[in-house]
Amino acid sequence: MATLVQAVRMALHYGEEHLGVTDIFGEDVGPPLGGVFTATQGLRTAWNTPLDERGIVGMAMGIAYAGGKPVAEIQFCDYGFNTIDLLKVAGNQRWAGAGNFAMPIVLMTPSGSGIRGSLYHSHSFESWAARLAGWKIVMPSTPLDAYGLMLSAIEDPNPVMVLLPKALLRVRGDKLIPGEPEDEQTLKEMIDAPVGDRTHWKPRWPKLEPYFIPLGVASLVREGQNATVVSYGRTLPLCVQAADQLTEEFGYTFDVLDLRSIFPYDWKAISRSILKTGRILIINEDTEVTNFGEHLLRRVIDHHFYDLLVRPRALMGKHNPGIGLNQEYERNTVPQLPHIKQAMREIAEEEA
Amino acid sequence: MPSDRNPGHALLADAQIRSGKESLPADLCLRIHRLMVRSRAMEERMIKMSKSGEGYFWIGGPGEEAFNTCLGLQVKKGEGPAYDYLHFHYRNSAAMIAMGMPMIEGIRQMAMTVTDTHSLGRNFAGHYAKKEWNVVPVTSVIEVQYVMAPGTAHVQKRYGGDGITIVCGGDAGTAEGDFASCLIWSSRPGHELPVLIVIENNRWGISTPAESVHAEKHIIDRGKAFGIEGEVVDGNDPIASWHAIRRAMEYCRTKRRPFMLEAMVSRLYGHSSSSGALRVKDEPCCIELFEKKLLGEGVIDQETIDQIHEQARAEADEALEQAMNEPRPTAADVYRYTYAPSRVDAVYPDDYTGLPEA
């Protein structure tokens, strides 16, 4: 099975060959490195930029104005904060310009903790991103979803940000990407650049098939009765793991929704699940003040206050200036499996 | 439409108007003059709108008509990478008028009508967006255009042809990091881009004199470190401006490399309506200077000049009257044009419609 980062690479290749992608660029995105996480190895249109995130976003916007289809990478979302006003402008161009110009850009960036990245390689971005009106924001948690969401991000004629959970980039899924060879060693030999000299290396791409995951559609990863758990990115597989353990240990079952699209989010799926369980827990690792999960809580209260059996809640990252390198800091700053399991057990057990 | 020709001077086609060692045919000068006057009339009409309540905030470029008119007339106008891309700032109205924009389009934006094709009554005056002329949306953020410009030029260089990207800003905005980004991205070795970087230097940043915050003698000097050639021109002189723009465009079109053009211009009504938009008397007016020259050369008389001004004011008044009778945006227009239609969006297939619903 492909890793998430291999899935991204294959999606970008499909985008170059079939969806009109003209430029894939960013710091160290082109040869020889092909991205610090290898997401862009061997891609035909990949090129290296100056170390200038504002320049990268502006380049993407300019290419889009002139009819190209760019995929730009910000190496770590932690380095995208200096682009916030450009991202705001990218999101408003069609609206501000009375529909004169669309802004079909894809911006991908690794987000979140889990790679012992300390202060400047552990940040989450979705709460900032969700405030950028005019954008669409997705965050896959499996390789197949990464492939399908990336293809949709490319296909969509609006600015789409693809947040890639850093902690899951090397994780393998349990479903093949359409066209992917079954043997992962074969895939590796075909599309992973060799360590060392790559001067004469060329990838051998599998014959990939289109697979579009519609934006705004969540995935119901576990189905249950005791509570609804909404998550995405790094914390999603932890929620699944916790749900399985709590089923085995106590017989509690959960609806675990992988949101996949942060915006637009699948309110239908959330709403339907709340009406079934009467309990909702939202889990992510972004900092807890003005967190995207808080927006969802507001909507839960507005629409489902009288449908709830217990108070709705959210488990989020601490409102802390950063994540410290010593793992004691990280473990106690962003939700880990024990925290998630405890919060899920509490909401399932609380008396109505 | 009023004629650009002065009927009293039948032999104008052969006459040349000189400025230093350069000259332009008299009929072109008269055409430039009329466009300058029309642009000024539109700006002055909009300033009055800001005071009368027919509009709110005004910002623009009176005092820059000479340079901007010559810029607009020489743009390779059209849609797509074969033509010039224009990353304007909010002081380029005269370039738009010179390109053929009817005054009513500028007035509609100031009047915030829903018929405003540039922004649907959403943006400040002078914030144009016109796809069929490659005029990308103007923002009030006076740096972002500098990082977008290399993007359109990147596509143009790949496309071939002689289309170039023109990016304009004031002198104060060049202190922003995006200006430096533009120099770097336009001059990457082996990937030089056809970007004409225009600085309309009025020596002011709202209330801050340039010499109090900038040590460099000329802004174009900053291009030297990147091998970017440049020129400083008297932006109050249309003849000098015409030729400087012609040379700069020719350089970018043929060499497919960046060029910097710094035009020294006047600011005749202050920064914006926020500072009163009052006529300043201590800066030269390009229209008055040009009229003096044209009168001195005998290619126009004062009566004709007065008529041209009167016609321009009447055109602006008519545009205002029409705009004020046109429909305004309604609550139903708030979300319009947020998203382009998408076949892969389950929530917003056509456009934004408010928060996702169940």
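Please refer to the structure higher up on the page.
Description of the structure in this document. Since the model is a prediction, treat every value here as computed from it, not as a measurement.

1. A closer look at the sheet that holds strand β5 (residues 195-201) of chain B
Residues and elements named next belong to chain B.
Alright, step 1. The five strands are arranged β3-β4-β5-β9-β8 in an open sheet whose pairing can be described as parallel. Here the strands that pair on one side only, and so sit at the sheet edges, are β3 (85-87) and β8 (229-234). Neighbouring strand axes in the sheet, compared pairwise and without regard to direction, differ in orientation by 15° on average.
Alright, step 2. Bridge count between β3 and strand β4 (residues 165-170): three bridges; the pairing is parallel. Bridging across to β4, Y85 finds its partner in T165.

2. Describing the packing of helix α2 (residues 53-65) of chain A against helix α3 (residues 84-96) of chain A
All names here are of chain A.
Alright, step 1. For the pair α2 and α3, the least separation of the axes is 9 Å and the interaxial angle reads 10°. Relative to α3, α2 is oriented roughly parallel. By crossing handedness, the relation of α2 to α3 is classed as left-handed. Each of R54, V57, G58 and M61 in α2 lies in contact with α3, whose residues at this interface are L86, L87 and A90.
Alright, step 2. Split by residue class, the contact of α2 with α3 holds five nonpolar, one polar and one charged.

3. A word on the interface of chain B and chain A
Alright, step 1. Counting residues at the interface gives 45 residues for chain B and 43 residues for chain A.
Alright, step 2. Where the side of chain B that touches chain A is concerned, the elements lending two or more residues are α5 (144-159) and α6 (177-186) of chain B.
Alright, step 3. If you tally residues by element for the side of chain B that touches chain A, the top one is α5(B), at 10 residues.
Alright, step 4. Looking at the side of chain B that touches chain A, its residues break down into 24 nonpolar, 14 polar and seven charged.

4. Structural notes on the sheet that holds strand β12 (residues 313-317) of chain A
Strand pairing in a sheet relies on backbone hydrogen bonds. The paired strands run either parallel or antiparallel.
All names here are of chain A.
Alright, step 1. With respect to topology, five strands assemble into an open sheet ordered β7-β9-β8-β11-β12, the strand pairing being mixed. Each edge of the sheet is formed by a strand with only one pairing partner; in this case those strands are β7 (219-222) and β12. Strand-to-strand twist across the sheet, computed as the mean angle between neighbouring axes with direction ignored, equals 25°.
Alright, step 2. Sheet topology note: the strand β11 (residues 280-287)/β12 ladder contains four bridges and is parallel. For L281, the partnering residue across the bridge sits in β12 and is R313.
Alright, step 3. The strands touched by helix α8 (residues 267-277) within the sheet are β7, β8 (227-231), β9 (254-258) and β11, with β9 carrying the most contacts at an inclination of about 170°.

5. A short note on the environment of A:P214
Alright, step 1. Relative to the helices and strands, A:P214 resides in the loop between α6 (184-191) and β7.
Alright, step 2. The sequence separation of A:P214 and A:G148 amounts to 66 residues, and the corresponding C-alpha distance is 8.2 Å.
Alright, step 3. The residues contacting A:P214, other than those within four sequence positions of it, are A:S152, B:V344, B:D345 and B:A346.

Rules of the game
- Every chain's residues receive numbers from 1 upward, in the order its sequence appears when written.
- Chain labels run from A onward and ligand labels from 1 onward, assigned in the order the entries are written.
- Only residues with pLDDT of at least 70 get local features here, since the model is predicted, and only at 80 or more are side-chain atom pairs given and counted; chain-wide, interface and lining totals rely on the full set of residues.
- Any two strands are treated as partners once DSSP identifies two or more bridges connecting them.
- Secondary structure elements follow DSSP: runs of H or I of four or more residues count as helices, runs of E of two or more count as strands, with numbering from the N terminus.
- All axes are obtained by fitting lines to C-alpha atoms, using only the stretch in contact for helices, and the reported angles, taken between N-to-C directions, cover 0 to 180 degrees.
- Note that the term roughly parallel is reserved for angles under 35 degrees, roughly antiparallel for angles over 145, roughly perpendicular for angles of 65 to 115, and oblique for everything else.
- Left-handed is the label given to a crossing in which the near helix is rotated counterclockwise from the far helix by less than a right angle, and right-handed is the label when the rotation is clockwise.
- In this description, any two residues whose backbone-derived C-beta atoms lie within 7 Å of each other are considered to be in contact.
- Amino acids outside the nonpolar list (Ala, Val, Leu, Ile, Met, Phe, Trp, Tyr, Cys, Pro) and the charged list (Asp, Glu, Lys, Arg) are all regarded as polar, and Gly is one of them.

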